[in-house]
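The chain contents come next:
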Amino acid sequence: MSNIEHTLSIIKPDAVERKLENEIKEMFKNTGFNILKEKKIHITKSEAEEFYKVHETKPFYNDLCAYLSSGPIVVMILEHEHAVLRNRDLMGATNPKDAEEGTIRKKYGISIDKNSVHGSDSVENAKIEIDFFFKD
Ligand code: IDP
Ligand code: MG
């Protein structure tokens, strides 16, 4: 039985701005992920608000949406066995200060808000997030 899944990854504005796209993509590839689709886009604040709607009651929601729409991002569909969990492991903890060695956020994250990458947190949300960026 195959456990191949797809998940959505975003290289956030802080990492694109520091030209870390290729280094981060290498970390995915070296961990065995296939990058099935990717595009560099610059979303509007209202698109960011829709994407992060699950966080709308959080105190950081406005800043989070302003940030994600502040510059270009790279959105990707990643494929791997257990892709959702494998990507969460590779990303590391939300706060780079808590992230383990060898994770993307430990290596590149600046702060809890500028933490370089997004990754879907469940198979169900991965489908919703992939559709959000790649349904056309
Ligand atoms: P995740 O990205 O690790 O899944 P979530 O809890 O889903 O973390 O939060 C979404 C994003 O919101 C985080 O990646 C981070 O950029 C931002 N964020 C989370 N918690 C805080 C906070 O306490 N202050 C500021 N920003 C936060
Ligand atoms: Mg999350």
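Above this text you will find the structure in question.
In this report, we go over the structure that sits alongside the text. Since the model is a prediction, treat every value here as computed from it, not as a measurement.

If you trace the backbone, leucine 78 turns up in strand β3 (residues 73–81). Taking the relative accessible area as the measure of exposure, leucine 78 reaches 0% and is therefore buried. Taking the C-alpha atoms as reference points, leucine 78 and histidine 6, separated by 72 residues in sequence, lie 5.5 Å from one another. In contact with leucine 78, not counting residues within four places along its chain, are Glu5, His6, Thr7, Ser9, Phe28, Phe33, Asn34, Ile35, Ala83 and Asn87.

Looking now at the site of ligand 1. Every residue near ligand 1 is listed here: Lys12, His55, Phe60, Leu64, Arg88, Thr94, Arg105, Ile112, Asp113 and Asn115. Take isoleucine 112: an N or O atom from its main chain is 3.2 Å from an oxygen atom of ligand 1. A molecule is said to occupy a pocket when more than half its atoms come within 2 Å of that pocket's grid points, and by this definition ligand 1 occupies the largest pocket. The residue inventory of the shell around ligand 1, partitioned by class, reads three nonpolar, three polar and four charged.

The complete set of buried residues in helix α2 (residues 21–30) reads Glu21, Ile24, Lys25, Met27 and Phe28. Buried positions in α2, seen along its axis, are confined to an arc of 150° and lie on one side of it. In this structure, α2 carries Asn22 and Asn30 as exposed residues pointing more than 90 degrees from its buried face. Phi turns positive, to about 95°, at glycine 32, one or two residues after α2.

Once that is clear, we can look at the pairing of β3. Within β3, eight of the nine residues are buried, leaving the element largely enclosed by the surrounding structure. Where strand β1 (residues 4–11) and β3 come together, eight bridges link them in antiparallel fashion. Across the sheet, histidine 6 pairs through a bridge with glutamate 79, a residue of β3.

Scanning the entire structure with this criterion turns up eight salt bridges. Salt-bridge contacts for glutamate 21 lead to lysine 40; the nearest nitrogen and oxygen are separated by 3.0 Å. Linking glutamate 21 in helix α2 with lysine 40 in strand β2 (residues 34–41), this pair joins segments that are 19 residues apart in sequence. Residue class for lysine 40 comes out exposed when judged on its relative accessible area of 51%. Measuring nitrogen to oxygen at the nearest pair gives 3.8 Å for the salt bridge that ties glutamate 101 to lysine 106. The exposure class assigned to glutamate 101 is exposed, which follows from its relative accessible area of 66%.

This part takes up the side chain of histidine 118. By the element assignment, histidine 118 lies in strand β4 (residues 117–119). A polar contact is formed between the side chain of histidine 118 and the side chain of glutamate 129, at a distance of 2.9 Å. Discounting chain neighbours no more than four positions away, the residues touching histidine 118 are Leu8, Ser9, Ile10, Lys12, Phe51, Tyr52, Asn87, Met91 and Glu129.

This part is about the sheet that holds β2. Within the open sheet, the four strands sit side by side as β2-β3-β1-β4. Their pairing is antiparallel. Since the sheet does not close on itself, it has two edges, and those belong to β2 and β4, each with one partner. Averaged over all pairs of adjacent strands, the angle between strand axes in this sheet comes to 20°, irrespective of strand direction.

Rules and cut-offs
- Residues numbered from 1 in each chain as written.
- Chains lettered and ligands numbered in written order.
- Predicted model: local features only at pLDDT ≥ 70, side-chain atom pairs only at ≥ 80, totals over all residues.
- Heavy atoms only, no water.
- Helix = DSSP H or I, 4+ residues; strand = E, 2+ residues; numbered from the N terminus.
- Buried < 20%, exposed > 50% of the residue type's maximum accessible area, 1.4 Å probe, protein only.
- Contact = heavy atoms within 4.5 Å.
- Near = heavy atom within 4 Å.
- Polar contact = N/O pair within 3.5 Å; in protein donor to acceptor, adjacent residues only side chain to side chain.
- 1 Å grid on protein atoms, 1.4 Å probe; cavity = no way out; pocket = protein on both sides within 12 Å on 5 of 7 lines; lining within 4 Å.
- Sits in = over half its atoms within 2 Å of the grid points.
- Nonpolar A, V, L, I, M, F, W, Y, C, P; charged D, E, K, R; others polar.
- Arc of directions from axis to C-beta.
- Pairing = 2+ DSSP bridges.
- Salt bridge = Lys/Arg side-chain N within 4 Å of Asp/Glu carboxyl O.
- Axes fitted to C-alpha atoms, helices over the stretch in contact; angles between N-to-C directions.

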